[in-house]
Amino acid sequence: MAPTIRTATRPEIDQIIEWAAREGWNPGLDDASAFHAADPDGFWVAEEGGALAAAISVVRFGLDYAFLGFYMAHPDFRGQGLGYALWQAALSAQGSRIVGLDGVVAQQASYQRSGFVYAHANMRYGGTPQVTPPPGTDLVEVAPVHLPLLVAYDARFSPARRNVFLAQWLKAQPTRQSVALLRGTEIQGYGTIRTCREGQKIGPLFADTETGADLLFRKLVATGLEMGGDGQIFLDIPEPNGAAKALCDRYNLKPVFETARMYRGAVPDLPLARIFGITTFELG
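Residues numbered from 1 in each chain as written. Predicted model: local features only at pLDDT ≥ 70, side-chain atom pairs only at ≥ 80, totals over all residues. Heavy atoms only, no water.

Peer 1: Mind laying out the overall build of the protein, listing which residues take part and the relevant values?
Peer 2: Counting secondary structure elements, the protein contains 8 helices and 13 strands. By the compact-globule yardstick of 19 Å for 284 residues, the protein fits well, its C-alpha radius of gyration being 18 Å. Along the first, second and third principal axes, the C-alpha set of the protein runs to 65 × 35 × 35 Å. The 284 residues of the protein split such that 54% are buried. (Helix = DSSP H or I, 4+ residues; strand = E, 2+ residues; numbered from the N terminus. Rg over C-alpha atoms; globule rule 2.2 N^0.38 Å. Buried < 20%, exposed > 50% of the residue type's maximum accessible area, 1.4 Å probe, protein only.)

Below, the structure written as structure tokens:
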């Protein structure tokens, strides 16, 4: 009998996040909320005998782009083809959209068989950086008044505008804070730090210059400590960005994990030299 494939409920998404945590993915404490706000139908499950058997997210950003993540089967249901049935159903529902994913390197060939093309590696770096908080007034905590500027700026680094997503992602909370590099009325970079199951993650981290990225990184690390963090920081960078690697080296962050960024459809032409941190491996 074929599994029941359907959209996940919000409580079920929390259950799936627990699966991800047990797999060592270390999601942010409230990362999923922004993706669910962007696309309430973007999380799927396969149900077998009344139990959740497998999960996947394919969050849509407009008509032309979606990002796939959270693809996993519960250990009790692995090897039965349930995950692949869910994969096929979720991808089929995307029509002609470009679909991106960050896949573990070992599964790269499997994704290629489903029509995904390798774009570049993403590397997770981690450590306990020692930073001096930067001086000056150009670094500001993101507030609702900044949202229109940030949505426009963010669109330079993403295949689609993320209006609804950013409205939720950039909300200041006890577990997260975002900082913008603002010169006059011009955004020259921004980043978010948020609390995870282990340590804190910075992402995204976009900046027009390496100097701007360094200022934002230092400010975000200092902000994380003010939020009660233990100083352990993770940053996911696109491997082709040598300046991002230099930033990690400068603050003694070490590589801990690698994924393959792949796309089904045309590979977007993104300015990787200005992407110093992607949003998240797990969700996009």
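Peer 1: Quick rundown of the pairing of strand S8 (residues 176–183)? Include the residues and the values.
Peer 2: The buried count for S8 comes to 7 of 8 residues, which makes it a mostly enclosed element. The sheet contact formed by strand S7 (residues 139–141) and S8 spans 3 bridges and is antiparallel. Bridged to Val 140 within S8 is Ala 180. For S8 and strand S9 (residues 186–195), the ladder comprises 8 bridges, and the chain directions are antiparallel. Bridge pairing in S9 links Gln 177 to Ile 193. The turn joining S8 and S9, which pair antiparallel and follow one another in sequence, is formed by 2 residues; a positive phi near 70° is taken by Gly 184. (Pairing = 2+ DSSP bridges.)

Peer 1: So what's going on with the side chain of Thr 280? Which residues, and what values?
Peer 2: Position of Thr 280 among the secondary structure elements: in the segment after strand S13 (275–277). Relative accessible area serves as the criterion here: at 1%, Thr 280 is assigned to the buried category. For Thr 280, the side chain forms a polar contact with the side chain of Glu 282, separated by 2.5 Å. (Polar contact = N/O pair within 3.5 Å; in protein donor to acceptor, adjacent residues only side chain to side chain.)

Peer 1: If you had to explain the state of the cysteines to someone new, which residues and values would you point to?
Peer 2: Taken as a whole and judged by the stated rule, the model has 0 disulfides. The thiol of Cys 196 is not disulfide-bonded; the next cysteine sulfur, from Cys 248, is found 15 Å away. With relative accessibility at 0%, the residue Cys 248 sits in the buried group. (Disulfide = S-S within 2.5 Å.)

Peer 1: Report on the layout of surface pockets, specifying residues and quantitative values.
Peer 2: By volume, the largest pocket is sized at about 810 Å³. Around the largest pocket sit 37 residues that line it, and Trp 25, Tyr 71, Met 72, Val 104 and Tyr 111 are the ones nearest its centre. Those elements that place two or more of their residues in the lining of the largest pocket are strand S4 (65–73), helix H3 (82–92), strand S5 (98–104), helix H4 (108–113) and strand S12 (254–264). For the lining of the largest pocket, the residue count by class is 18 nonpolar, 12 polar and 7 charged. (1 Å grid on protein atoms, 1.4 Å probe; cavity = no way out; pocket = protein on both sides within 12 Å on 5 of 7 lines; lining within 4 Å. Points joined across faces, edges and corners; volume = space filled by probe spheres on them. Nonpolar A, V, L, I, M, F, W, Y, C, P; charged D, E, K, R; others polar.)

Peer 1: Which residues make up helix H1 (residues 10–22), and what values do they have?
Peer 2: Look at H1: 19 Å from first C-alpha to last across 13 residues, which is about the 18 Å you get at 1.5 Å a residue. Looking at the buried side of H1, the elements it contacts are strand S1 (4–7), helix H2 (31–38), strand S2 (43–48), strand S3 (51–61) and S4. One or two positions beyond H1, positive phi appears at Gly 24, with a value near 85°. (Expected span 1.5 Å × (residues − 1). Contact = heavy atoms within 4.5 Å.)

Peer 1: Would you mind going over the pattern of salt bridges in detail, with residue names and values included?
Peer 2: Tallied over the entire structure, the rule returns 20 salt bridges. The salt bridge involving Asp 102 is made with Arg 261; its shortest N-O contact spans 2.7 Å. Taken together, the residues Asp 102 in strand S5 and Arg 261 in strand S12 connect sequence positions 159 residues apart. A residue is classified by how much of its surface remains accessible, and Arg 261, at 8% relative accessible area, is buried. (Salt bridge = Lys/Arg side-chain N within 4 Å of Asp/Glu carboxyl O.)

Peer 1: Provide a residue-level description of the packing of H1 against H2, including the pertinent values.
Peer 2: Two elements in contact, H1 and H2, have axes whose closest approach is 11 Å; the angle formed by their N-to-C orientations is 140°. Taken together, H1 and H2 sit at an angle that is classed as oblique. Along this stretch, H1 crosses H2, giving a crossing that reads as right-handed. Packed against H1, whose contacting residues are Arg 10, Ile 13 and Ile 17, the element H2 presents Ala 32, Ser 33 and His 36 at the interface. (Axes fitted to C-alpha atoms, helices over the stretch in contact; angles between N-to-C directions. Parallel < 35°, antiparallel > 145°, perpendicular 65-115°, else oblique. Left-handed = near helix turned anticlockwise from the far one by under 90°.)

Peer 1: Can you lay out helix H8 (residues 242–250) for me, pointing to particular residues and giving the numbers?
Peer 2: All of the buried residues in H8 are Ala 244, Leu 247 and Cys 248. End-on view of H8: buried residues confined to an arc of 95°, all on one side of the axis. As for H8, its buried residues are in contact with strand S6 (116–127), helix H7 (210–226), strand S11 (233–238) and S13. Measuring from the backbone nitrogen of Ala 243 back to the side-chain oxygen at the start of H8 gives 3.0 Å, which picks out Asn 241 as the cap. (Arc of directions from axis to C-beta.)

Peer 1: Talk me through empty space enclosed by the protein; I want residue IDs and the actual numbers.
Peer 2: All chains considered together, the criterion is met by 2 cavities of 30 Å³ or more. What lines the largest cavity is a set of 20 residues, and nearest its centre among them are Phe 157, Arg 162, Arg 261, Thr 279 and Gly 284. Mapped onto the lining of the largest cavity, the elements with two or more residues apiece are S4, strand S10 (200–207), S12 and S13. Along the lines of polarity and charge, the residues of the lining of the largest cavity split into 12 nonpolar, 6 polar and 2 charged. The calculated volume of the second largest cavity comes to roughly 40 Å³.

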